Amino acid sequence: MKNQANKFEYEPSQWVPFRDKKEINRILKIKREDIEKHSNPDFKIKVIPDADVEFIMIADMFRRIKHSADTGEKLVMILPNPCPTYRFVARLINACNVDCRNVYAFAMDEYADENGNIAPEEWEFGFTHAMMKYFYYEIDKKLRPPKNQLTGFTNKNIKNYGQMISDMGNADVCYSGPGWTGHLAFIEPDAPEFQGSLEEWKKMSARICTLSPFTLAQNSLHGSFGKSGNLAAVPPKAATIGPLEVINSKNRLDFHSITVHGTTTAWQRLTTRLVLHGPVTPRIPESILQTLKTDVYVSENIAQNIEPDWNKGY
């Protein structure tokens, strides 16, 4: 008879949004060499050096903006948290004298207070503020599109935000990357505002939603909030696009490269495997990308095998 003394079985905490232990254990075993394999040929996963991830996003944005200028075609983009990466796109635009008059951009999400009031553009910790600061105002004045062609969430437009994108013919490209919960934009798996069957969920448009405690923890480590774990600094709700806006986009690029300041510690290592190879379910919002034409870029650091490191403590 086997010794059962070393067995210790338990269920994941009720706070964990996806709790299927069988699936989680399967996902944990996916090796670096198998991450790129997927049954959907339109869902293209590529593992690349960590340093290349930012460059690919910069190059893709610039290529699309340059094409828009050369052809006169309208370009509609859904942009995630506009980190300083966007400054490099602006510098390329300025250096190459690219006219952005045909560019339209929509912020993917924005913070909101406990009553659902959306942070104004002037709030320095907000995503719309960052989109304007790091992207729009970095572009030479003579090359910028009209300011009203860059749109963020407001209390006035939240009910029509998805329709505004739809009225533009839907987004030409949507850039994304998973949060700790597997959220896409701020579409949280456990938010009461995004509950329903998979088919119902796929039809949900932009709205205010409640942020997961895990998202509060993740974002409390952002530079804007002092990188200090100040949970109280992160607003409790957010405005976000819905699954419908992502599904209706003509192209999608998804990036997986978040670590703790360049170390090998990364909450995204498991989340990436769930998103790319787990079940397609609202409990893992980014998993919907598996069913869509999507180009996915995973850094080597995130792709590395998941295994204990007994020499590492906190």
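Heads up: these notes are all about the structure in this document. (Residues numbered from 1 in each chain as written. Predicted model: local features only at pLDDT ≥ 70, side-chain atom pairs only at ≥ 80, totals over all residues. Heavy atoms only, no water.)

**Looking at the overall build of the chain**
Stage number 1. Scanning the chain from terminus to terminus reveals 10 helices and 10 strands.
Stage number 2. On C-alpha atoms alone, the chain measures out to a radius of gyration of 20 Å, which is about the 20 Å that the 2.2 N^0.38 rule sets for 314 residues.
Stage number 3. Across its three principal directions, the C-alpha atoms of the chain cover 80 × 40 × 40 Å.
Stage number 4. Expressed as a percentage of the 314 residues in the chain, the buried residues total 47%.
Stage number 5. Counting only contacts in the chain whose residues sit at least 6 apart along the sequence, the fraction spanning at least 24 positions is 76%.
Stage number 6. Of the accessible surface of the chain, which amounts to about 15,900 Å², a share of 52% is contributed by carbon and sulfur atoms.
Stage number 7. A distance of 2 Å separates the average location of the 38 positive side-chain charges in the chain from that of its 38 negative side-chain charges. (Helix = DSSP H or I, 4+ residues; strand = E, 2+ residues; numbered from the N terminus. Rg over C-alpha atoms; globule rule 2.2 N^0.38 Å. Buried < 20%, exposed > 50% of the residue type's maximum accessible area, 1.4 Å probe, protein only. Contact = heavy atoms within 4.5 Å. Areas by Shrake-Rupley, 256 points an atom, 1.4 Å probe, with all protein chains shown as cover. Lys, Arg positive; Asp, Glu negative; His and termini not counted. Charge placed at Lys NZ, Arg CZ, Asp CG, Glu CD.)

**A look at the sheet that holds strand β3 (residues 103-107)**
Stage number 1. If you trace the seven strands from one edge of the open sheet to the other, you get β1-β10-β9-β6-β2-β3-β5, paired in parallel fashion. Both outer strands of the open sheet, β1 (43-48) and β5 (150-151), are each paired with one neighbouring strand and no more.
Stage number 2. Pairing analysis gives three bridges linking strand β6 (residues 173-176) to strand β9 (residues 252-256), with the strands arranged parallel. Counterpart to Tyr 175 in the pairing with β9 is Leu 253. (Pairing = 2+ DSSP bridges.)

**What to know about the sheet that holds strand β7 (residues 207-210)**
Stage number 1. Strands sit in the order β4-β8-β7 across an open sheet of three strands; the sheet is antiparallel. The open sheet has two edge strands, β4 (109-112) and β7, and neither has a second partner. Taken pair by pair, the neighbouring strands of this sheet meet at an average axis angle of 30°, ignoring direction. (Axes fitted to C-alpha atoms, helices over the stretch in contact; angles between N-to-C directions.)

**Digging into the nonpolar core**
Stage number 1. Counting residues in hydrophobic clusters, the biggest one holds 78 residues, and the most contacted among them are Ile 65, Met 77, Ile 93 and Phe 135.
Stage number 2. It is helix α2 (residues 50-71) that provides the largest number of residues to this core, a total of seven residues.
Stage number 3. Excluding residues that lie within four positions of it along the chain, Phe 135 makes contacts with Met 61, Ile 65, Met 77, Leu 79, Tyr 86, Val 89, Ala 90, Ile 93, Ala 130 and Leu 150.
Stage number 4. In terms of nonpolar packing, the next biggest core, distinct from the first, is built from eight residues, Tyr 111, Leu 211, Leu 216 and Val 234 among them. (Core = buried A, V, L, I, M, F, W, Y, C linked by side-chain atoms within 4.5 Å.)

**Things to note about the state of the cysteines**
Stage number 1. Tallied over the entire structure, the rule returns zero disulfides.
Stage number 2. We note that Cys 100 lacks a disulfide partner, and the nearest cysteine sulfur, in Cys 96, lies 11 Å from it.
Stage number 3. Residue Cys 100 is classed as buried on the basis of its relative accessible area, which comes to 2%. (Disulfide = S-S within 2.5 Å.)

**Considerations on the packing of α2 against helix α3 (residues 85-95)**
Stage number 1. Closest axis-to-axis distance for the α2/α3 pair is 9 Å, and the angle between their directions is 40°. On the basis of the axis angle, α2 is oblique to α3. The two elements α2 and α3 cross, and the hand of that crossing is right-handed. Counting all contacts with α2, which are made through Glu 54, Met 57, Ile 58, Met 61, Phe 62 and Ile 65, the residues of α3 involved are Thr 85, Tyr 86, Phe 88, Val 89, Leu 92 and Ile 93. (Parallel < 35°, antiparallel > 145°, perpendicular 65-115°, else oblique. Left-handed = near helix turned anticlockwise from the far one by under 90°.)

**Thoughts on the packing of aromatic side chains**
Stage number 1. Scanning all chains against the criterion turns up 14 aromatic pairs.
Stage number 2. Seen from their ring centres, Tyr 111 and Phe 127 are 4.9 Å apart, and the 45° between their planes marks the pair as tilted. Of this pair, Tyr 111 sits in strand β4 while Phe 127 sits in helix α4 (residues 127-134); the two residues are 16 residues apart in sequence, bridging distant segments of the chain.
Stage number 3. Its relative accessible area of 1% is what places Tyr 111 among the buried residues.
Stage number 4. Taking 5.2 Å as the distance between ring centres and 80° as the angle between the ring planes, the aromatic pair formed by Tyr 136 and Tyr 137 counts as edge-to-face.
Stage number 5. Put simply, the rings of Tyr 111, Trp 123, Phe 125, Phe 127, Phe 186 and Phe 225 touch in pairs and so form one group of aromatic residues.
Stage number 6. The ring of Tyr 10 has Lys 21 lying over it, and the distance from NZ or CZ to the ring centre is 5.6 Å. (Phe/Tyr/Trp six-rings, centres within 6.5 Å; stacked < 30°, edge-to-face > 60°. Lys NZ or Arg CZ within 6 Å of the ring centre and 35° of its normal.)

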